[in-house]
Amino acid sequence: MEKAQQLYEGKAKKVYATTDPDYCIVAYKDDATAFNGAKKGTIEGKGAINNCVTNHLMRLLEQRGIPTHFVEQLSDRETVVRRVTIVPLEVIVRNIAAGSLAKRLGLEEGYKMSRTVLEFCYKDDALDDPMVNDYHIFAMGFATPEELKQISDYALRINDILSEYLRDLNIELIDFKLEFGKTADGRLVLADEISPDTCRFWDSTTGMKLDKDRFRRDLGGVEDAYQEIMKRLLGR
């Protein structure tokens, strides 16, 4: 299997076809964006860290019964994945009030909610990824009721698995974004990435932010935060 033409370039990754139509190669970039692309920059080493962290967590989830698109890591920045049709929904899992949820509901950042919250957004950069509910999802055909239930069940299980795992590493999983796709045979699998780009990671003791919020909010120490996540998860 060899890399073929580029299929797509997003804010953080490039996707290439391969000589096997069932697989693609994802290449992670150091480019960083925030606020739907309004803020742009570079985080040195981010691509390699996000690739390695994502694959590490995908392997963990596979071991716990969550199907993913992960196949094989080729290098620090490139990974073979199953080719999928992405479900046009961002699934946001929230344990602690932060970011847009805190602002939207007038909550103090860090407020611990009485239960986990699931939110769905329609994936469309031109529309700024608007939030949608199940009525919108079914009316627009983004997913069937059966698919949305499966996605929700997977998201909550992923939250349980990752929260427990990260807690042992003194990391609190505040919230995170997931994307799902369907393989050629119609199987629903976890896709995209799980990294400091897509998750809010706080040090459990100090509350220090170890994620992309350091870039979004000009907090400094962005590279150090990404490297700290790599160190805690992978020991390097």
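Cut-offs used in this document
Residues numbered from 1 in each chain as written. Predicted model: local features only at pLDDT ≥ 70, side-chain atom pairs only at ≥ 80, totals over all residues. Heavy atoms only, no water. 1 Å grid on protein atoms, 1.4 Å probe; cavity = no way out; pocket = protein on both sides within 12 Å on 5 of 7 lines; lining within 4 Å. Points joined across faces, edges and corners; volume = space filled by probe spheres on them. Helix = DSSP H or I, 4+ residues; strand = E, 2+ residues; numbered from the N terminus. Nonpolar A, V, L, I, M, F, W, Y, C, P; charged D, E, K, R; others polar. Axes fitted to C-alpha atoms, helices over the stretch in contact; angles between N-to-C directions. Parallel < 35°, antiparallel > 145°, perpendicular 65-115°, else oblique. Left-handed = near helix turned anticlockwise from the far one by under 90°. Contact = heavy atoms within 4.5 Å. Expected span 1.5 Å × (residues − 1). Buried < 20%, exposed > 50% of the residue type's maximum accessible area, 1.4 Å probe, protein only. Arc of directions from axis to C-beta. Pairing = 2+ DSSP bridges.

## Describing empty space enclosed by the protein
- Counted according to the given criterion, the structure contains one cavity of 30 Å³ or more.
- The space that makes up the largest cavity amounts to roughly 50 Å³.
- Every residue along the wall of the largest cavity is listed here: V26, Y28, N51, T54, N55, M58, H69, F70, T79, V81 and D192.
- Secondary-structure elements contributing two or more residues to the lining of the largest cavity are β3 (23-28), α1 (46-63) and β7 (78-82).
- Per-element tally for the lining of the largest cavity: the top contributor is α1, with four residues.
- Of the residues contributing to the lining of the largest cavity, the split by class is five nonpolar, five polar and one charged.

## Notes on the packing of α1 against helix α6 (residues 222-234)
- Taken N-terminus to C-terminus, the directions of α1 and α6 make an angle of 30 degrees; their axes are 10 Å apart at the nearest point. Put simply, α1 runs roughly parallel to α6. The handedness of the crossing between α1 and α6 is left-handed. Every residue of α6 that contacts α1 at K46, I49, N50, C52, V53, H56 and L57 is listed here: Y226, Q227, I229, M230, L233 and L234.
- A breakdown of the residues in the contact of α1 with α6 according to their chemical character gives nine nonpolar, three polar and one charged.

## Observations regarding α6
- Over its 13 residues, α6 runs 18 Å from end to end, which matches the ideal 18 Å to within 8%, given 1.5 Å per residue.
- When α6 is considered as a whole, its buried residues turn out to be V222, A225, Y226, I229, M230 and L233. The buried side chains of α6 occupy one side of the element, clustering within an arc of 140 degrees when seen end-on. For α6, exposure combined with an orientation more than 90 degrees from the buried face picks out D224 and K231.
- The inward-facing, buried residues of α6 abut α1, α4 (145-167), β12 (171-182), β14 (199-203) and α5 (213-216).
- Of the residues trailing α6, G235 is marked for its positive phi of about 70 degrees.

## A look at the sheet that holds strand β6 (residues 70-73)
- Within the open sheet, the five strands sit side by side as β1-β2-β3-β7-β6. Their pairing is antiparallel. This sheet does not close on itself; its edge strands, each paired only once, are β1 (3-9) and β6. Sheet twist, expressed as the average angle between the axes of neighbouring strands with direction ignored, equals 30 degrees.
- When β6 meets β7, the two strands line up antiparallel, connected through three bridges. Bridge assignment links Q73 to a residue of β7, and that residue is T79.

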